[in-house]
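# Descriptive structure summary
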Amino acid sequence: GFSNWRFERVVAAAAFADAHGLPPPAAVGPQFSLARPARPVWPGSTFLASSQDIEWYNNRGLAVFCWEVLGKGMLADPTQWAEAEASAPRAADVEALEAAAAGGKDLGTGEAFRAFRVKGAYVTRENFARRRRALALAEGKGEPLARVAVSYVLAQGP
């Protein structure tokens, strides 16, 4: 199996295995959640955002073991992050920060950098809308928000 591989890389590995009579990939471990990151949370990480990718995994029989299904807590705690924060740093700001880090600039504490990365990925108007809809469903069924969020992810698989 593969952890955190881009979809195209998994497809290429499966094609290579098929062409050479090797066992096909059995599992993948992408980041996936009802809250969709606007960009990768961590440098080099990937996320599963396409229903076509999910369909391909399902058709190939690959087990999908997702990580970060609660969107860094956004779908566990309905009070985490206010919608007013949806003006979080965008990709260009993050790229500038990463370039500064690559150049040896001190970015402050690790927690500040982590918060910058996480908020820049998850704090979007679209994710707040998804959270509102999931929370309404959860409240209507008398269930916690996290159960609805995890159920969404589980419903995508075979």
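In this report, we go over the structure that sits alongside the text. (Residues numbered from 1 in each chain as written. Predicted model: local features only at pLDDT ≥ 70, side-chain atom pairs only at ≥ 80, totals over all residues. Heavy atoms only, no water.)

The next subject is the overall build of the chain. When its secondary structure is counted, the chain shows six helices and three strands. Helices and strands in the chain line up, N terminus first, as β-α-β-α-β-α-α-α-α. Each of the 158 residues in the chain was classed as buried or not, and the buried ones make up 34%. Taking the intrachain contacts of the chain between residues at least 6 apart in sequence as the baseline, contacts between residues at least 24 apart amount to 74%. Split by element, the accessible area of the chain, about 8700 Å² in all, is 58% carbon and sulfur. (Helix = DSSP H or I, 4+ residues; strand = E, 2+ residues; numbered from the N terminus. Buried < 20%, exposed > 50% of the residue type's maximum accessible area, 1.4 Å probe, protein only. Contact = heavy atoms within 4.5 Å. Areas by Shrake-Rupley, 256 points an atom, 1.4 Å probe, with all protein chains shown as cover.)

Turning to the sheet that holds strand β3 (residues 63-64), a few remarks are in order. Taken together, three strands build an open sheet; the order of strands is β1-β2-β3 and the sheet is parallel. Whereas interior strands pair on both sides, the edge strands pair on one side only; in this sheet they are β1 (2-3) and β3. Here strand β2 (residues 27-29) runs beside β3; their pairing, made up of two bridges, is parallel. Note that in β3 the partner of Ala 27 across the bridge is Ala 63. (Pairing = 2+ DSSP bridges.)

Another point: the side chain of Glu 68. Tracing the backbone through its elements, the reader meets Glu 68 in the loop between β3 and α3 (91-102). A polar contact of 2.8 Å, which involves the side chain of Glu 68, links it to the side chain of Lys 72. Polar side-chain contacts of Glu 68 include one of 2.6 Å to the side chain of Tyr 122. Among residues more than four places away in sequence, those in contact with Glu 68 are Gln 31, Phe 32, Ser 33, Val 41, Trp 42 and Tyr 122. (Polar contact = N/O pair within 3.5 Å; in protein donor to acceptor, adjacent residues only side chain to side chain.)

The next subject is the nonpolar core. Counting residues in each nonpolar core, the largest one holds 16 residues, and the members touching the most others are Met 74, Trp 81 and Tyr 122. Looking at this core, the elements that each hand over two or more residues are α4 (110-122), α5 (125-141) and α6 (145-155). Not counting chain neighbours up to four residues away, the residues in contact with Trp 81 comprise Gly 71, Lys 72, Met 74, Val 118, Lys 119, Tyr 122, Val 123, Phe 128 and Arg 131. Counting residues in each nonpolar core, the second largest holds ten residues, with Phe 2, Phe 7, Val 28 and Leu 48 among its members. (Core = buried A, V, L, I, M, F, W, Y, C linked by side-chain atoms within 4.5 Å.)

Turning next to the environment of Val 148. Among the structural elements, Val 148 can be located in helix α6. C-alpha of Val 148 to C-alpha of Ala 76: the two residues are 72 residues apart in sequence and 9.6 Å apart in space.

Moving on: the packing of aromatic side chains. Applying the stated criterion across every chain, the model contains five aromatic pairs. Between Phe 7 and Trp 56 the ring centres are 5.5 Å apart and the planes differ by 90°, which places this aromatic pair in the edge-to-face class. Within this pair, whereas Phe 7 is found in helix α1 (residues 7-19), its partner Trp 56 is found in helix α2 (residues 51-60), the two being separated by 49 residues in sequence. For Phe 7, a relative accessible area of 18% corresponds to the buried category. Through a chain of ring-to-ring contacts, three or more aromatic side chains come together here, namely Phe 7, Trp 56 and Tyr 57. Positioned above the aromatic ring of Trp 5 is the side chain of Arg 9, whose terminal nitrogen or guanidinium carbon lies 3.7 Å from the ring centre. (Phe/Tyr/Trp six-rings, centres within 6.5 Å; stacked < 30°, edge-to-face > 60°. Lys NZ or Arg CZ within 6 Å of the ring centre and 35° of its normal.)

Its place among the elements puts Ala 27 in strand β2. Sequence separation between Ala 27 and Val 10 is 17 residues, and the spatial gap between their C-alpha atoms is 9.8 Å. Ignoring sequence-local partners within four residues, the contact set of Ala 27 consists of Gly 1, Phe 2, Leu 62, Ala 63 and Phe 65.

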